[in-house]
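Now for the letters of each chain:
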Amino acid sequence: MVTDFPGSQLPGSSENQRSSSNVLCGRPLRPSRDLGSSGGSPPSNEDHLEAAGHVCILKNALDFESPSEISNFIKAESLEAAMALHLYRGGRLLPGHGIPFGIIFGGTDLNEDVKQGEKNKVMGKVLEEARFAVAFTESMKETAQRQWPHAKDKIYVQSQGIATVPNATFNWNTFLQRSEINQSADSLHVFLLICGLRQVKDPLYLVDAFSEWHQEEPSVYMVIVGPEVDPVFTREVKAKVKRTPGVRLIGEMTREDLHAVVKNCFAVVNSSVSEGMSAAILEAMDLEVPVLARNIPGNAAVVKHEVTGLLFSDPQEFVRLAKRLGGDPALEKQIVANGREYVRMYHSWQVERNTYGHLVRMLEGSSED
């Protein structure tokens, strides 16, 4: 577990508990806890806070159309602190309301929004008021420090904690039928791409190359699973998948069912243009399923090529690596074992819980200087 706090000390102490407080947990997209996507680490941060005795109110940032709306909400719910996932989409709502808050970087905020002048300026102002900001990796922390040097002493590193809970009663054959895959499960190789349907996840990146492979080898399928985040882009994805042999699209699923699907598939795929830290990749490792991921900084931070997974730079390389994985049981066994050990060592759910407990005590003003 990589946990980096200034002075190498966690703020506060596990013995320094406070009475419960009402905490607003803001997310930039959907408020559901049961997403078939990689939009947050399970158990979610609000679960960690509630376990520490706080009342956590989870809200979608899109629920608020103006600063006055969030101000009224804060007063109505007697909120004492707030945390937001994504520095721009969630964080920009929080300054100026008189309650302490912290930020968790998402990925697109540091990789994409930072390139836009006005958004960059807004995010810098958010960090001026934030008590802390959490990055998933050292690389993300360094990026943030370069952009906003004034915030360097309040940026911490806490990798996502992973705990998987596959549904023991899940029926794989029923899932295949629902996906309109009418082949024996024993002969199938299902590649699972888990993402919310939005452009930054680039779910269509591999579709054409994969379909060509499917027509050569009818036993391989790609199944895209995730919520419809961007309505316009979702229509594009649905239209493309509908006319593409070997590729299927399934809507969002409960976390337990999604983990069961992961456990039954041949491999999990990530084709994102930008990632902070993909929970879907880490969950696959935890469930002992091979991972093939697009070679971008966020993915390369957790997937070491041919050690904990396979990294590809274009659709053709993906197909080559997928074929290699299918024909090399020793490689598959090695990747799976290394991936599982990596998650156990560096993505402890309990350490993440302890960290967020300490951070909330910073918001309460109980940290030790």
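Refer to the structure above for everything that follows.
Residues numbered from 1 in each chain as written. Predicted model: local features only at pLDDT ≥ 70, side-chain atom pairs only at ≥ 80, totals over all residues. Heavy atoms only, no water.

Draft legend 1. Examining the overall build of the protein more closely. The secondary structure content of the protein amounts to 14 helices and 13 strands. Burial status across the protein gives 56% buried among its 369 residues. A separation threshold of at least 6 residues defines the contact pool for the protein, and within that pool the share at least 24 residues apart is 73%. By element, 46% of the accessible surface of the protein is carried by carbon and sulfur atoms, the whole surface being about 15800 Å². (Helix = DSSP H or I, 4+ residues; strand = E, 2+ residues; numbered from the N terminus. Buried < 20%, exposed > 50% of the residue type's maximum accessible area, 1.4 Å probe, protein only. Contact = heavy atoms within 4.5 Å. Areas by Shrake-Rupley, 256 points an atom, 1.4 Å probe, with all protein chains shown as cover.)

Draft legend 2. Examining the packing of aromatic side chains more closely. Under the defined criterion, the tally for this structure stands at 11 aromatic pairs. Measuring from ring centre to ring centre gives 5.6 Å for phenylalanine 191 and phenylalanine 210, while their planes differ by 70°; the resulting arrangement is edge-to-face. Taken together, the residues phenylalanine 191 in strand S8 (residues 189-194) and phenylalanine 210 in helix H7 (residues 207-216) connect sequence positions 19 residues apart. The burial state of phenylalanine 191 is the same as that of phenylalanine 210; both residues are buried. (Phe/Tyr/Trp six-rings, centres within 6.5 Å; stacked < 30°, edge-to-face > 60°.)

Draft legend 3. Representation of the nonpolar core. Ranked by internal contacts, the top residues of the largest apolar core, which has 79 residues, are Phe105, Trp148, Phe175 and Leu192. Among residues more than four places away in sequence, those in contact with leucine 192 are Val223, Val225, Val261, Val262, Cys265, Ala267, Val268 and Val269. Core analysis: the second largest hydrophobic core is formed by 30 residues, Cys195, Val207, Val220 and Phe318 among them. (Core = buried A, V, L, I, M, F, W, Y, C linked by side-chain atoms within 4.5 Å.)

Draft legend 4. Molecular detail of the environment of proline 67. Looking at the element boundaries, proline 67 is found in helix H2 (residues 67-76). Note: C-alpha distance between proline 67 and proline 95 (28 residues apart in sequence) is 9.3 Å.

Draft legend 5. Highlighting the sheet that holds S8. Strand order in the open sheet formed by six strands is S10-S9-S8-S11-S12-S13, with parallel pairing between adjacent strands. One side of each edge strand has no neighbouring strand; the edge strands of this open sheet are strand S10 (247-250) and strand S13 (310-312). For this sheet, the mean angle separating the axes of adjacent strands, direction not counted, is 25°. As defined by bridge partners, S8 adjoins strand S11 (residues 267-270) across three bridges and the pair is classed as parallel. Bridge pairing links leucine 192 to valine 268 in S11. With respect to the sheet, helix H8 (residues 231-242) is in contact with strand S9 (220-225) and S10, its orientation differing from that of S10 by roughly 140°. (Pairing = 2+ DSSP bridges. Axes fitted to C-alpha atoms, helices over the stretch in contact; angles between N-to-C directions.)

Draft legend 6. Highlighting the packing of helix H10 (residues 279-286) against helix H13 (residues 329-346). Viewed as axis vectors pointing N to C, H10 and H13 meet at an angle of 115°, and their least axial separation amounts to 7 Å. Taken as axis vectors, H10 and H13 run roughly perpendicular relative to one another. For the element pair H10 and H13, the recorded crossing hand is left-handed. Contacts between H10 and H13 pair Leu282, Met285 and Asp286 from the former with Gly339, Arg340, Tyr342 and Val343 from the latter. Here the contact of H10 with H13 is composed, by residue class, of four nonpolar, one polar and two charged. (Parallel < 35°, antiparallel > 145°, perpendicular 65-115°, else oblique. Left-handed = near helix turned anticlockwise from the far one by under 90°. Nonpolar A, V, L, I, M, F, W, Y, C, P; charged D, E, K, R; others polar.)

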